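Residue strings, one per chain:
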Amino acid sequence: KSPKNHLVSIDRDLDLVVLEFEPEEIKFSHKKSWFQISEWPIPRIEKGKRIVTLGFPGAWRRTAGVECVFRRVAIPLTVTDVSKYGIAAFSDGNNDQVLNDMKDSLGGISGSPAYCLNEKRELCLVGFAKSGVETTDAPNRKYQSSPDSPLPAVFFTHASFLQQDGSLSLANSNPENLPNI
């Protein structure tokens, strides 16, 4: 089937797409499982909180013939800033070691989910990895990273744009109307 047949919602500005299908519909051997979203509306993360993104960095992929192995990695970060549309984890002292360790391995994590622990100590979806390296002369850059860091930041789109029906909505995601974590 074409991915277009599974399309629920797409927003190019948010860099997000929602597809609907069941694991049983995947016609090859896999060990996929789905993470259930526990809170609706999805809360927004606050500056200073810790998050973790689970990704499959491209540098760690191995292929041999028709077989492909993806190693997953947990990447813990401190939220440096939040805006109406995004979450940033800048190399600011708290994130230096993680970003330096991962500098050659972050390619391929775009779209990876980011979680935090809520008050009940449950994983709570808060964002999706969007981009990494941003040069110091980028026009929308708000912060200067540590001068010796080769990777200035990792950026995420807020998961709160995702609605319970699978649609993406900017209108229903006003930060003033959403709970914070």
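Residues numbered from 1 in each chain as written. Predicted model: local features only at pLDDT ≥ 70, side-chain atom pairs only at ≥ 80, totals over all residues. Heavy atoms only, no water.

K.L.:
Looking at this structure, I do not really get the overall build of the chain. What am I missing?
P.N.:
Helix and strand counts for the chain stand at one helix and eleven strands. Within the chain, buried positions represent 40% of all 181 residues. Sequence separation of 24 or more characterises 62% of the internal contacts of the chain that already satisfy a separation of 6 or more. Of the roughly 11,300 Å² that the chain leaves accessible, carbon and sulfur atoms contribute 50%. (Helix = DSSP H or I, 4+ residues; strand = E, 2+ residues; numbered from the N terminus. Buried < 20%, exposed > 50% of the residue type's maximum accessible area, 1.4 Å probe, protein only. Contact = heavy atoms within 4.5 Å. Areas by Shrake-Rupley, 256 points an atom, 1.4 Å probe, with all protein chains shown as cover.)

K.L.:
Would you explain the confidence of the model for the chain in this entry?
P.N.:
The predicted coordinates ought not to be read in detail in places where the model reports low pLDDT. For the chain, per-residue confidence averages 76 on the pLDDT scale, and 68% of positions sit at 70 or higher. Confidence scores differ between elements of the chain, with strand β5 (residues 67-69) showing the lowest mean pLDDT of 74 and strand β7 (residues 81-82) the highest of 92. Below a pLDDT of 50 lies the segment residues 141-145, which in the model reaches 13 contacts outside its immediate sequence neighbourhood of four places, other chains included. (pLDDT = per-residue confidence, 0-100.)

K.L.:
What am I meant to see in the environment of D92 here?
P.N.:
Relative to the helices and strands, D92 is located in the loop between β8 (86-90) and α1 (96-102). Look at D92 and you get partly exposed, because its relative accessible area is 39%. Sequence separation between D92 and A153 is 61 residues; the distance between their C-alpha atoms is 8.9 Å.

K.L.:
What exactly am I supposed to notice about unusual backbone geometry here?
P.N.:
Peptide bonds are mostly trans, and most non-glycine residues show a negative phi. Here the amide bond leading from W40 into P41 is cis, since omega sits at -5°, within 30 degrees of zero. Structurally, the position occupied by P41 is in the loop between β2 (16-19) and β3 (50-55). Here the phi dihedral of D15 falls at roughly 60°; this positive angle occurs in a residue that is not glycine. Within the secondary structure layout, D15 lies in the loop between β1 (7-11) and β2.

K.L.:
Before we go on, may I ask you to explain the nonpolar core in this structure?
P.N.:
Nonpolar side chains tend toward joint burial in soluble globular proteins. I45, I51, I75, L77, C116, V126 and F156 are the most contacted members of the largest nonpolar core, which has 19 residues in total. When residues of this core are traced back to their parent elements, those giving at least two are β6 (73-78), β8, α1, β9 (113-117), β10 (123-131) and β11 (153-158). Judged by nonpolar contacts, the second largest core, of eleven residues, contains Y115, L125, F161 and L162. (Core = buried A, V, L, I, M, F, W, Y, C linked by side-chain atoms within 4.5 Å.)

K.L.:
Help me understand a nonpolar patch on the surface in this model?
P.N.:
A contiguous nonpolar patch, built from L7, I10, V17, L19 and F21 and spanning about 410 Å² of accessible area, is present on the exposed surface. Elements that contribute at least two residues to the nonpolar patch include exactly β1 and β2. Within the secondary structure, V17 is located in strand β2. You can call V17 partly exposed: its relative accessible area is 47%. (Patch = residues over 30% accessible without salt bridge, like charges linked within 9 Å, V, L, I, M, F, W, Y side chains within 5 Å. Salt bridge = Lys/Arg side-chain N within 4 Å of Asp/Glu carboxyl O.)

K.L.:
Whenever I open this one, the packing of aromatic side chains confuses me. Can you help?
P.N.:
What characterises a pair of aromatic rings is the spacing of the ring centres plus the angle enclosed by the ring planes. For the structure shown, the criterion picks out two aromatic pairs. Between Y85 and F161, the aromatic rings sit 6.0 Å apart at their centres with planes inclined by 20°, giving stacked as the arrangement. Taken together, the residues Y85 in the loop between β7 and β8 and F161 in the segment after β11 connect sequence positions 76 residues apart. Since its relative accessible area comes to 43%, Y85 is described here as partly exposed. Cation over ring: R44 sits above F161, and NZ or CZ is 5.3 Å from the ring centre. (Phe/Tyr/Trp six-rings, centres within 6.5 Å; stacked < 30°, edge-to-face > 60°. Lys NZ or Arg CZ within 6 Å of the ring centre and 35° of its normal.)

K.L.:
I would appreciate a short explanation of the state of the cysteines in the present structure.
P.N.:
Two cysteines joined by a covalent bond between their sulfur atoms form a disulfide. Here the structure, examined in full by the defined rule, presents zero disulfides. Between C124, a free cysteine, and C116, which holds the nearest cysteine sulfur, the sulfur-to-sulfur gap is 5.0 Å. (Disulfide = S-S within 2.5 Å.)

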